[in-house]
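Letter by letter, the chains look like this.
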Amino acid sequence: MSALTRFLTSAKTSWIILVATAVAAAALFAVAGSNDSETAPSVGLPSSAESVKVDELLEEFPSADATSALVVFAAEEGELDAEALALIDEKAFGDLADLSRDGAVPPAQISDDGTVALVIVPLEPEPDVAEQSARAQEIRDIAAADLDGVRVYLTGAEGFEVDIAAVFDGADFTLLLTTVIVVAVLLLITYRSPWLWIVPLVVIGLADALAGIVARQVASAVGIQLDASITGILSVLVFGAGTNYALLLIARYRDELRLHQDRREAMQQALRGAGPAIIASGSTVALALLTLLLAEIAGNRALGLACAVGILVAMFFALFVLPAALVLFGRGLFWPYIPRFNSPDAISRSVWGKLGRGVSKRPVVVASIGFVALGAMASGLLFVQTGLSQNDRFLQKPEAVQGQEVLADAFSAGTTSPAIVVVPLEDADAATAALGDLDGVDSATMGETTDDLARIDVTLDASAETDAAFATVERMRDALDDVGSGEGLVGGLDSQALDVADAQARDQALLIPLILVLVFVVLVLLLRAFVAPLLLLVAVVASFFSAIGLSWWLFQSPLFGFPAIDTNVLLFSFLFLVALGVDYSIFLVTRAKEEAAHLGTTQGMIRALAATGAVITSAGILLAAVFAVLGVLPLITLTQIGIIVCIGVLIDTLLVRTVIVPALAFITKDSFWWPRRPPLSDADAARQGSDALSSEQRTEAVSVR
């Protein structure tokens, strides 16, 4: 360890790290290119899901290589008049037919109230996003031409693909720019220096750029695709965690500059002090993220792998590149608040030390009030609803969603998302009759056939992705088990959404306990204790529940008006809050362990709180702000994750780590480190303090005489 820290900080060798990093970065940029990703999140269900099996079977049908655009014509007032209907038919049989797959378009379907017409345009799949967007715009132009008093929407499979690509276009750049601005402003406020903030920002910015490239290459090597939502979360996590590590290291470096005249020696001591906490913190987060590799949903696995790689890259830059960069500059880097050699100890005068001493006087009362506050914030858990439909996942509804809503109002509720049933050909008639008689089914119509299979299109009478639609899908699956060979399968949008919800529930049931066990084991190994890790885990889980409850009240407010929390939000929020929340407790408790060796548990915790209070609070506020930046992306799912993690980190930073954890340490005293015995017990530390005070009083008395 000493040899490594000397290598990182020595005037003769520190430049090697910077040059090697620059060369490696240039090589990666040249070989791997920019961090491009798929434009939209994929579903990623396992092959065992019934809806996936249906999609595979549909490949055998004649229309397997076809898609379609739904063109919706809605009268702005009243019904569509005869002139408008004639013009719509002319478009369907004319220019729209020329764009269709077979040169023909079915006649327009008119709603019962005469206000809406629907034209279905069969199309060839277009893999190129730019060409697909151009074709979609051509369809819009043709459909809207010469129609007055009629709103035109492009929706369906084609409309959704084009609109989702459009809302994600440039989203990564917007997120990165916003994140950099937020981090730069907060670092400037934290350091109150015109140039100190530039060093960590440049180092972590380079770490973020390389993390995206490395994560993409690693994911590609194991057959995992990263989409725009994952790369967005990755960027936020690298900036947030990397800046936290930088804040901790620079704060310790500033303290050591007061004790050492040579800045390189001060950095060596800072690395020895802050390095283990950064390694423990980053390892905890990375291992927790890697548990997602056990998930059923591919998107969860992709997020876990990418973000674990990102955390490792952030740790490398914080522990190797940042120290080498900082020691290039003298103490003037901290101007105007330059840490002078042998200057007074500012820690002892810290407001956080005063807070710690206040908490130590009535720790039981303080801990009780803290947990009551957490419980009050968690009250929203009693009312939380989960599951967002496809139409509810966007902050601003694109045209495809608006068109779907118009169709849902004008036609049968399930028209926009019919269930697709595939059965053996010999069971087709019986299956059609059985499905048509089910509650919740509006109609069941025989569709295409192959030599062995038949497709049945089923319209539900419930809106897409609602509890009623899910219940109908389950009834359909049960009914098909009793028809013929029982091999009938149900697919379609509602079936897929139900399978996603079930898979997400299984992932949560497996991964949440696993994450807790993993974090507990890491804390036990780090602290060589059982009581402290258990108390830390209880506190951080309580803050997670509080964050969910408080966020739900916020989501229900007029400011957001979200109908529910998306199915994957709870798992991701739990992962980030538990792993990152424990970070701050690790920073505090590892310092308390260091100080307790010569001050005792109580005074050691007070000293640790005084020493780390400012930097951890700054780090928590910065991380909360960075996660809140996820709200600039177009998906409500990402906004919800950002808000929940933001609130949870603030709760953890300002209440749990500041008040509750110290109070628990003061209550348990030496037992906090059980089964390990601290080198200096609290009782011995108190006696030493009392003896020192008595000696000082006697000296003062002699002086008075």
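Structure report, in brief. Fair warning: this is a prediction, and the values are worked out from it, not measured in the lab.

Overview of the packing of helix α9 (residues 198-221) against helix α12 (residues 298-326)
Two elements in contact, α9 and α12, have axes separated by 8 Å at closest approach and are oriented at 145 degrees. For the crossing formed where α9 meets α12, the hand is right-handed. In this structure, α9 uses V199, P200, V203, L206, A207, L210, A211, V214, A215, V218 and A219 to contact α12, whose residues at the interface are L305, A306, V309, G310, V313, F317, V321, L322, A325 and L326. Looking at the contact of α9 with α12, its residues break down into 20 nonpolar, one polar and no charged.

Side note on unusual backbone geometry
Here the residue pair W335 and P336 is connected by a cis peptide bond, since its omega of 10 degrees sits within 30 degrees of zero. Relative to the helices and strands, P336 is located in the loop between α12 and α13 (351-361). Here W674 and P675 are connected by a cis peptide whose omega angle stands at 10 degrees. Positionally, P675 belongs in the loop between α22 (636-668) and α23 (682-704).

Looking at a positive patch on the surface
On the surface, K354, R357, K361 and R362 cluster together into a patch of positive charge. Structurally, K361 can be placed in helix α13.

Some details on the nonpolar core
Generally speaking, soluble globular proteins have nonpolar side chains that are buried together. Ranked by size, the top nonpolar core spans 166 residues in total, and within it Y253, L289, I311, L326, F576 and F627 carry the most contacts. Beyond its immediate stretch of four places on either side in the chain, Y253 contacts R263, A266, M267, A270, L326, V327 and F334. Grouped together as the second largest cluster of nonpolar side chains are 25 residues, A75, A84, A108 and V150 included.

With respect to the pairing of strand β7 (residues 453-460)
By the criterion of burial, β7 is predominantly enclosed, with seven of the eight residues buried. As paired elements, strand β5 (residues 419-424) and β7 share six bridges and run antiparallel to each other. Looking at β7, one finds that I420 is bridged to D457. As defined by bridge partners, strand β6 (residues 441-449) adjoins β7 across six bridges and the pair is classed as antiparallel. Looking at β7, one finds that V441 is bridged to L460. Between β6 and the antiparallel strand that follows it, β7, lie three residues.

Quick notes on the rules
Residues numbered from 1 in each chain as written. Predicted model: local features only at pLDDT ≥ 70, side-chain atom pairs only at ≥ 80, totals over all residues. Heavy atoms only, no water. Axes fitted to C-alpha atoms, helices over the stretch in contact; angles between N-to-C directions. Helix = DSSP H or I, 4+ residues; strand = E, 2+ residues; numbered from the N terminus. Left-handed = near helix turned anticlockwise from the far one by under 90°. Contact = heavy atoms within 4.5 Å. Nonpolar A, V, L, I, M, F, W, Y, C, P; charged D, E, K, R; others polar. Patch = residues over 30% accessible without salt bridge, like charges linked within 9 Å, V, L, I, M, F, W, Y side chains within 5 Å. Areas by Shrake-Rupley, 256 points an atom, 1.4 Å probe, with all protein chains shown as cover. Salt bridge = Lys/Arg side-chain N within 4 Å of Asp/Glu carboxyl O. Lys, Arg positive; Asp, Glu negative; His and termini not counted. Charge placed at Lys NZ, Arg CZ, Asp CG, Glu CD. Core = buried A, V, L, I, M, F, W, Y, C linked by side-chain atoms within 4.5 Å. Buried < 20%, exposed > 50% of the residue type's maximum accessible area, 1.4 Å probe, protein only. Pairing = 2+ DSSP bridges.

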